[in-house]
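Summary of the model geometry
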Amino acid sequence: MVDRIMTIPDNGVVGIDVRVQEYTGEVVDTLDSAVGVNRLAAHAANDPARYPLLAGVDETDDTYFNSRQANRLVSELATLAADHPDPEVATAATRIIALADLLRAAPGRPHHRQLIFIGD
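So, a few notes on the structure that sits alongside this text. Here the structure is a predicted model, which is why all the values come from computation and not from measurement.

Each value, and the rule that gives it
Residues numbered from 1 in each chain as written. Predicted model: local features only at pLDDT ≥ 70, side-chain atom pairs only at ≥ 80, totals over all residues. Heavy atoms only, no water. 1 Å grid on protein atoms, 1.4 Å probe; cavity = no way out; pocket = protein on both sides within 12 Å on 5 of 7 lines; lining within 4 Å. Points joined across faces, edges and corners; volume = space filled by probe spheres on them. Helix = DSSP H or I, 4+ residues; strand = E, 2+ residues; numbered from the N terminus. Phe/Tyr/Trp six-rings, centres within 6.5 Å; stacked < 30°, edge-to-face > 60°. Buried < 20%, exposed > 50% of the residue type's maximum accessible area, 1.4 Å probe, protein only. Core = buried A, V, L, I, M, F, W, Y, C linked by side-chain atoms within 4.5 Å. Contact = heavy atoms within 4.5 Å. Salt bridge = Lys/Arg side-chain N within 4 Å of Asp/Glu carboxyl O.

Quick notes on empty space enclosed by the protein
- Under the criterion given, the structure shown has one cavity of 30 Å³ or more.
- Lining the largest cavity, in full, are S67, A70, N71, V74, A100, L103 and R104.
- The leading source of residues in the lining of the largest cavity is helix α2 (residues 67-83), at four residues.

A look at the packing of aromatic side chains
- A complete count under the given rule lists one aromatic pair for this structure.
- Taken together, a centroid distance of 5.7 Å and an interplanar angle of 80° make the contact between F65 and F117 edge-to-face. Pair noted here: F65 is in strand β3 (residues 62-65) and F117 is in strand β4 (residues 113-118), with a separation of 52 residues, a long-range link.
- Judged by relative accessible area, which is 4%, F65 ranks as buried.
- For F117, a relative accessible area of 1% gives the class buried.

Let's talk about the nonpolar core
- Ranked by internal contacts, the top residues of the largest apolar core, which has 29 residues, are L40, L54, I96, L115 and F117.
- Element by element, the count of residues in this core is highest for helix α3 (residues 87-101), at eight residues.
- Excluding its chain neighbours within four sequence positions, the residues that come into contact with L40 are L54, L77, L80, V89, A92, A93 and I96.

A word on the pattern of salt bridges
- This structure, assessed with the given rule, holds five salt bridges.
- Measuring nitrogen to oxygen at the nearest pair gives 3.6 Å for the salt bridge that ties R39 to D86. Here D86 lies in the loop between α2 and α3 and R39 lies in helix α1 (residues 34-45), a separation of 47 residues in the sequence.
- As a salt-bridge pair, D101 and R104 come within 2.8 Å of each other at their nearest N and O atoms.
- Overall, D101 belongs to the partly exposed group, its relative accessible area being 30%.
- One salt-bridge network, held together by shared partners, links R39, D86 and E88.

Okay, structure coming up:
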């Protein structure tokens, strides 16, 4: 299977960033590995049945996930990280899983957070 054509930021083009944000707008944490994220999103877009949430990430717009969606997204990311041969994609998936974990309920943690894929 060939990944759909997406802009890979190796050529100076800005890629997809990922962050966790409170509903107030306060940024909790960010991911700065845009190359792997673009490749991850491109791979998922080619198999929407297997990666229905990841396939919806838009490279040119922002894509938001709430805590309930993030739980399912983690499953998709774990599958992709285990199956994808590109170590940058696997690393991006693993790092996004860590960000998604910041949406889980925990003592002293605000309940209203979002995982946001920020398109170019």
